[in-house]
Amino acid sequence: MNVLDRFLDYVKFDTQSDELTNLWPSTPGQYKFAEYLQGKLREMGLQDITLDENGYLMATLPANTDKPLPTIGFIAHMDTSPDMSGRHVNPRIVSAYPGGDITLNEAEGIILSPREFPELEHYLGQDLVVTDGTTLLGADDKAGIAEIMAAVEYLQQHPEIKHGNVRIAFNPDEEIGRGAHRFNVEQFGCEWAYTMDGGEVGELEYENFNAASAKITFLGRNVHPGYAKHKMINSLRVATQFAIMLPRWETPEHTEGYEGFYHLVGMQGTVEKTELTYIIRDFDRDRFERRKKEFEHLVRKINKEFPGCASLEIKDQYYNMREKVEPVSHIVEVAEQAMKNVGLTPKVVPIRGGTDGAQLSFKGLPCPNIFAGGLNFHGRYEFVPVPSMVKAAEVIVEIIKLVAER
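Residues numbered from 1 in each chain as written. Predicted model: local features only at pLDDT ≥ 70, side-chain atom pairs only at ≥ 80, totals over all residues. Heavy atoms only, no water.

Trainee: Looking at this model, I keep getting lost on the pairing of strand E9 (residues 192–198). Mind explaining?
Mentor: Regular strands have side chains that alternate between both faces of the sheet. Where burial is concerned, most of E9 is hidden: 7 out of the 7 residues are buried. Sheet topology places strand E3 (residues 72–77) next to E9; 4 bridges connect them, and they run parallel. Bridge pairing in E9 links Phe 74 to Tyr 194. The pairing of E9 with strand E16 (residues 369–371) spans 3 bridges and is classified as parallel. The residue bridging Gly 198 from the neighbouring strand is Phe 371, located in E16. (Buried < 20%, exposed > 50% of the residue type's maximum accessible area, 1.4 Å probe, protein only. Helix = DSSP H or I, 4+ residues; strand = E, 2+ residues; numbered from the N terminus. Pairing = 2+ DSSP bridges.)

Below, the structure is given as structure tokens:
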């Protein structure tokens, strides 16, 4: 399957998303890329191709059998992370990686080394696509797009593989948490789908954090510091007091696996007014609700000492897709079997973050997440093994075959 050439073509497009623009999609490069993909889908002869004003591109590979089969979908996102530039990506192929350091940029001394990234050693002898050290690569999620396109082309070239209608969708702005916001689930018309947006080869995910944001505003009283006794309320100091009341070890740098956390992501203020911004994460819904209650409790404590000083605003962001996927667990079993059929050992792991699939699952489209193959996303050390992309495309084809057989 010609996955590599597609991927190298796609990373030329600058599709970095930007949460500050308030546009849909958030950047014009994403729409330009969507139009390019739309043209490719037309060349391939797919049907029901639509590209809406918000940058959501959908198409159908029509069924080649009269047998009644469920319509399933495959989804990937077009944007790359705002964390690092995705402009003028200059990928390089390291052939048959021999081990040891990979010099990404000799002039700037940027090296991809197994000392910092030991996962490199898992891919000895494989062709790797790396950056030139000045941009991210874009495997998140242009590898996913390339894999879906390659799988569809393969099915067209092999009509002996019988299948029902297969829907594909490429959406904008996943990296800023808006990828599923304007996704038209009814128009997509699938019983279930898979996002091709996971990491290392073999990964399969159908659990993610429950997530909320919290903003605490502290109002102080500024008085000349030389005459402030019993008069001044320093909102900066009160905010700091609040921060240290949260459990020290329940932060991202001290948690893993299924452990949740509180994460302070922003602090700004003066003596008069300070704002703290947090994200709250937990896999368990009850613990998630208790974490939010803990914020309410601590705000009450602060206000008991400094009446009227602190106010709290909490907003739920997304929930754990597991509660929507478990009732239709066969869709996970199909993906697991597909991986086994192409020689992989499935690695069922929780997503310590969010995914479009979580929001889509709660919009009525159960949507586990399958590996796209890349590693070290969102930075200059990102790389993707070529065999991992090929395997991901094979998994897509195998899922489609299994659904028809079952």
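Trainee: What is the right way to look at the environment of Asn 234 in this model?
Mentor: Along the chain, Asn 234 falls in the loop between strand E11 (210–219) and helix H5 (235–245). Residue classification places Asn 234 among the partly exposed positions, given a relative accessible area of 23%. Put simply, Asn 234 and Gln 30 are 204 residues apart on the chain and 45 Å apart in space, counted from C-alpha to C-alpha. A polar contact is formed between the side chain of Asn 234 and the backbone nitrogen of Leu 236, at a distance of 3.0 Å. (Polar contact = N/O pair within 3.5 Å; in protein donor to acceptor, adjacent residues only side chain to side chain.)

Trainee: I'm lost on the pairing of E11 in this one. Help?
Mentor: Where burial is concerned, most of E11 is hidden: 8 out of the 10 residues are buried. Summarising the sheet, E11 and strand E13 (residues 273–282) pair through 10 bridges and their orientation is antiparallel. Bridged to Ile 216 within E13 is Leu 276. Here E11 pairs with strand E14 (residues 310–318) via 8 bridges, running antiparallel. Bridging across to E14, Ile 216 finds its partner in Leu 312.

Trainee: What is the right way to look at the packing of helix H2 (residues 28–44) against helix H3 (residues 139–157) in this model?
Mentor: Two numbers describe a pair of packed helices, the interaxial angle and the distance between the axes. One can describe the packing of H2 onto H3 by two numbers: an axis separation of 11 Å at closest approach and a directional angle of 10°. Considered as vectors, H2 and H3 are oriented roughly parallel to each other. Contacts from Phe 33, Leu 37, Lys 40, Leu 41 and Met 44 of H2 reach H3 at Lys 142, Ile 145, Met 149, Val 152, Glu 153 and Gln 156. Residues of the contact of H2 with H3, tallied by class, amount to 7 nonpolar, 1 polar and 3 charged. (Axes fitted to C-alpha atoms, helices over the stretch in contact; angles between N-to-C directions. Parallel < 35°, antiparallel > 145°, perpendicular 65-115°, else oblique. Contact = heavy atoms within 4.5 Å. Nonpolar A, V, L, I, M, F, W, Y, C, P; charged D, E, K, R; others polar.)

Trainee: Would you take a moment to explain the sheet that holds E11 for this structure?
Mentor: Through backbone hydrogen bonds, the strands of a sheet pair up, either in parallel or in antiparallel fashion. If you walk across this open sheet you meet the 4 strands as E12-E13-E11-E14, and the pairing is antiparallel. On the outer flanks of this sheet lie strand E12 (261–269) and E14, each paired with one strand and no other. Across the sheet, the mean angle separating the axes of adjacent strands is 15° when strand polarity is ignored. Pairing geometry for E12 and E13, over 8 bridges, is antiparallel. Of the residues in E13, the one forming a bridge with Gln 268 is Glu 275. The sheet contacts of helix H6 (residues 285–305) involve E11, E12, E13 and E14, and relative to E14 the element is tilted by about 165°.

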